[in-house]
Amino acid sequence: MYSVLDIPHSGSQPFTDYSRWRLLCNDGGRHTWHYLETDEECEAWPQNSVDKYWIGIPLNLPALPKPQNPLEAARNGYTFYKHLQSDDGHWAGEYGGPMFLLPGLVIGSYVTGMSFKKEERLEMIRYLLNRVNPEDGGWGIHIEGHSTVFGTALNYVAMRILGVQADHPALVKARGTLHKLGGAAASPAWGKFWLAVLNVYDWEGLNPVPAELWLLPDWLPFHPHRWWIHTRTVYIPMSYLYGIRYKMEENDFIRSLREELYLKDYYSINWPAQRNNVSEADLYSPHTTIFDLINKVLGAYESCSIPSLRNAALKRAYELIVLEDENTQYQTLGPVSKMMNLICRAHVEGPESEAYKQHAIKRQDFMWLGQEGMMMCGTNGSQLWDIGFITQALVETGLAKEEENKESLRKALEWLDVCQIQDNPKYYERSYRHTTKGAWPFSTKEQGYTVSDCTGEGLKSVMYLQNQVEGTEKIISERRLCDAVDVLFTMQNPNGGFASYELVRGPQWLEWLNPAEVFGDIMIEFCYPECTTSVITSLSIFKKHYPHYRSAEIDVTIHRAIGYLHEAQRPEGGWVGSWGICFTYATQFALESLALAGENYGNSKSVQRACKFLLDKQRADGGWGESYKSCEKVMWIEHANSQVVQTCWAAMALMYASYPDPEPIEKAVKLVMSRQLPDGSWPQEAIEGVFNKTCAISYPNFKFSFPIWMLGRAHKYLGQLERGS
Ligand code: LAN
């Protein structure tokens, strides 16, 4: 472990001086938190409202005039939200939620000898203390989830590495829960992996992760280049580390962990018998019989693997790791692969190498300081995603035209300009990448991955700002907008729908081989109503502004995409969300698309069904509230309380549908206005996002963009209904 720290029992008060933390936003939207050691440094770099807001220091802004109508409430919302805009034009934000990421950061850093600042360690420990489930002292897969072995074993280990002693009351309690759930041997596969890297679990206890798959011919339907990009990008370094049976050198601390984590003596555990031992509390996608069978065959191969083949496979995997690091300037696609790639590079090239240094620098981009302490984020931020929604909201509500907002939008456009990817990846087909020229990514240009809906939202934002707000300088050329359209054309699937990063490359049955146990639908890309909608809406707006560019193809693309949306509608009337919670999220997007295709409550059965579905769920207080469990169970599950963000999605959906009765929208508006604070902000409510069915993820900026958007739209919409136009 790093040196022992003296840790209070509770994390309610910061463990460091919060007035010394600063968020640096530079290089096209990179976010890194810095602890200033001296008063001089603090004076030279004063804490600003962005720093303060995100770490929970009150901004003490004066109360704004009490809004008399929805537009005034939206305006107050933006008056507050402007204080959170960074100097470079974008809105930074926390992107926490998953509870299996920080352990990867800590274990990966520890085994490679990469240190943390003491203040970072203290605040990471505090975060874990604050995120413990109070009833049993364990951790779940995400901040609102029930305790699991995955969450508890890994975060327990993270706390220990960071410097907490085993007799700390929080760890005593967590250990009790871990043992009740079956001990660390009952971890799902990814938990087993991290423990094996740390040398507190035996590699014999893992199902095989053969790198040889990368030597197979590309045309095979199960070749890993056909897997969902996140899954394959995790399995490349995982197969490398498995192949070399990487493990941290044994020391007293490791020996002690071996005693703490298991129900029985570590040295008497029958490891091969643990391969499929996964606690009930963790299991979401149980193995199929065929997958178990394949594991048996691969297990037999492991005992007689051909060294030359294994070496060739490891060489290939390592090559792919290097290509990925260089393509993304060491950000990598996501937080799991980030730390795994870092270990591989550190192992092969050593701590003096450029790769090690670059990985250490970019590791910082995932570490975010929040009110409860320091966490590891789901990506290096959600920069493009957040700027996309707020800019469109401002244009649609008319707030963009107001003089006092012009400067902030000018800066936002400049940021959107910097964020667009203007070339294909350095290593393109060689690393199985999709085209990127013209795309917008989810976070920053440096990360550099095309995402269908981020490209759609980025394109829309630019068109809204450049073409719909008088006097805006057109800093992004028409050619570049056409490039974005070209990328979108490359992403439509035969069923008309759009997936996330790439085309669907593999067959559905690959899902039978899902090895992760805790996630659903991860093996291949699927089409999503959300992604499909962003493409439909951006293309149709593009066509209005630039009718001469590929307009016939746009019509065909939209027509096919609308066909997919109809197919995807559930019999009850809603659409299932995969990236936000859940039905309210996806139904809002779907109805936005249908509206642009001319379908509304007056003329479409499908829209009528959707409205009825939503209206049935509206609560007496005027709001909507869905639990993250809706995504797990793929059925509507009520949240204990109505939620501002979901209420906005549902009300927007009704407006997209041109729902003729003002009452449900008025009630929603009233609820959202009643939750607004005097300074114009809204308090944080339940978690907003999700991925892979089971893991919730935070989008704290949504509580600004969607209320502002919905209230401003509702102001116009209700006015029109009243006037009967
Ligand atoms: C994201 C975040 C954004 C999200 C949207 C743009 C909202 C979506 O419409 C398309 C998919 C995408 C880009 C997405 C994919 C999966 C991500 C990257 C995440 C949910 C953020 C974190 C998650 C990633 C997989 C977390 C690491 C975990 C693994 C299982 C590898």
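As the structure is a computational prediction, the values presented were derived from the model and not from experiment.

(A) Fine view of the overall build of the protein chain. Across its full length, the protein chain carries 26 helices and 8 strands. In summary, the protein chain has a C-alpha radius of gyration of 25 Å against a globular reference of 27 Å for 725 residues, a match within 12%. Principal axes of the C-alpha set define a box for the protein chain whose edges measure 80 × 60 × 45 Å. By residue count, 64% of the 725 residues in the protein chain fall in the buried class. Contacts spanning at least 24 positions in sequence make up 74% of the contacts within the protein chain whose residues lie at least 6 apart.

(B) The site of the ligand, seen in detail. With respect to spatial proximity, 23 residues lie near the ligand, and among them Tyr95, His230, Phe442, Asp453 and Trp579 are the closest. Contact between the ligand and Asp453: an oxygen atom at 2.3 Å from a side-chain N or O atom of the residue. Here the ligand loses 99% of its free accessible area of 630 Å² to cover by the protein chains. Every element with two or more residues in the shell around the ligand is listed here: helix H9 (229-243) and helix H17 (452-468). Taken together, the residues that form the shell around the ligand break down as 17 nonpolar, 5 polar and 1 charged.

(C) Structural context of the UniProt feature "domain: Squalene cyclase C-terminal" (unreviewed entry) in the protein chain. Summarizing the sequence annotation, UniProt attributes the feature "domain: Squalene cyclase C-terminal" (unreviewed entry) to residues 382-715 in the numbering used throughout. Split by type, residues 382-715 is 50% helix and 4% strand. Its first and last C-alpha atoms lie 29 Å apart.

(D) Summary view of the UniProt feature "domain: Squalene cyclase N-terminal" (unreviewed entry) in the protein chain. The UniProt entry lists residues 83-352 under the feature "domain: Squalene cyclase N-terminal" (unreviewed entry), expressed in the numbering used here. Along residues 83-352 the backbone is 50% helical and 0% strand, and the end-to-end C-alpha distance reaches 41 Å.

(E) Spatial organisation of the pairing of strand S1 (residues 21-26). Strand direction decides the pairing type here: S1 and strand S2 (residues 30-35), joined by 6 bridges, are antiparallel. Within S2, the position partnered with Trp21 by the bridge is Tyr35. In textbook terms, the turn of a hairpin is the stretch between consecutive antiparallel strands, and for S1 and S2 this stretch comprises 3 residues, one of which, Asp27, has a positive phi near 50 degrees.

(F) Region of interest: the domain arrangement of the protein chain. Taken domain by domain, the protein chain holds domain 1 (91-95 + 381-568), domain 2 (100-375) and domain 3 (570-724). Look at where the C-alpha atoms of domain 2 and domain 3 centre, and you get two points 37 Å apart. Across the contact, 9 residues belong to domain 2 and 13 residues belong to domain 3. For the pair domain 2 and domain 3, the two sides together bury roughly 880 Å², of which 65% comes from carbon and sulfur. It is His142, Glu144 and Tyr284 in domain 2 that bury the most area against domain 3; as a group they hold 61% of the surface buried on that side. Remark: the boundary between domain 2 and domain 3 carries 0 salt bridges. Counting across the interface, domain 2 meets domain 3 through 3 residue pairs in polar contact (both at pLDDT 80 or more). Each residue belonging to the side of domain 2 that touches domain 3 can be placed in one class, and the counts come to 5 nonpolar, 3 polar and 1 charged.

(G) Molecular detail of helix H14 (residues 354-363). Every buried residue of H14 is accounted for by Ala355, Tyr356, His359, Lys362 and Arg363. Looking down the long axis of H14, one finds its buried residues gathered within 135 degrees of arc, a one-sided arrangement. In this fold, the buried residues of H14 make contact with S2, helix H4 (102-111), helix H12 (307-327), helix H13 (335-349) and strand S3 (367-370).

(H) Expanded view of H9. With 15 residues, H9 should cover 21 Å at 1.5 Å per step; its first-to-last C-alpha distance of 21 Å lies within 8% of that length. Most of H9 sits out of view: 14 of its 15 residues are buried. Two residues or fewer after H9 comes Arg245, characterised by a positive phi angle close to 50 degrees.

(I) Main features of unusual backbone geometry. In this structure, Asp27 takes a positive phi of about 50 degrees despite not being glycine. Position of Asp27 relative to the elements: it lies in the loop between S1 and S2. Residue classification places Asp27 among the exposed positions, given a relative accessible area of 54%. Positive phi outside glycine occurs at Asn692, with the angle close to 50 degrees. One can find Asn692 in the loop between strand S7 (689-691) and strand S8 (695-697).

(J) Molecular detail of the side chain of Ser630. You can see Ser630 is positioned in helix H23 (residues 629-633). Assessed through its relative accessible area of 0%, Ser630 is described here as buried. In this structure the side chain of Ser630 is engaged in a polar contact, spanning 3.4 Å, whose partner is the side chain of Glu626. Discounting chain neighbours no more than four positions away, the residues touching Ser630 are Cys582, Phe583, Met635, Trp636 and Ile637.

(K) Region of interest: the packing of helix H15 (residues 383-397) against H17. Put simply, H15 and H17 touch, their axes get as near as 9 Å, and they point 35 degrees apart. Between H15 and H17 the crossing geometry is left-handed. Judged by residue contacts, Leu384, Trp385, Ile387, Gly388, Phe389, Thr391, Gln392, Val395 and Glu396 of H15 engage Asp453, Cys454, Glu457, Gly458, Lys460, Ser461, Tyr464, Leu465 and Gln468 from H17. Partitioned by chemical class, the residues of the contact of H15 with H17 number 8 nonpolar, 6 polar and 4 charged.

Calculation notes
- Residues numbered from 1 in each chain as written.
- Predicted model: local features only at pLDDT ≥ 70, side-chain atom pairs only at ≥ 80, totals over all residues.
- Heavy atoms only, no water.
- Helix = DSSP H or I, 4+ residues; strand = E, 2+ residues; numbered from the N terminus.
- Rg over C-alpha atoms; globule rule 2.2 N^0.38 Å.
- Buried < 20%, exposed > 50% of the residue type's maximum accessible area, 1.4 Å probe, protein only.
- Contact = heavy atoms within 4.5 Å.
- Near = heavy atom within 4 Å.
- Polar contact = N/O pair within 3.5 Å; in protein donor to acceptor, adjacent residues only side chain to side chain.
- Areas by Shrake-Rupley, 256 points an atom, 1.4 Å probe, with all protein chains shown as cover.
- Nonpolar A, V, L, I, M, F, W, Y, C, P; charged D, E, K, R; others polar.
- UniProt positions renumbered as here; feature names shortened; annotations may be inferred.
- Pairing = 2+ DSSP bridges.
- Domains from an automatic or database assignment.
- Buried area = accessible area lost by both parts, 1.4 Å probe.
- Salt bridge = Lys/Arg side-chain N within 4 Å of Asp/Glu carboxyl O.
- Arc of directions from axis to C-beta.
- Expected span 1.5 Å × (residues − 1).
- Axes fitted to C-alpha atoms, helices over the stretch in contact; angles between N-to-C directions.
- Left-handed = near helix turned anticlockwise from the far one by under 90°.

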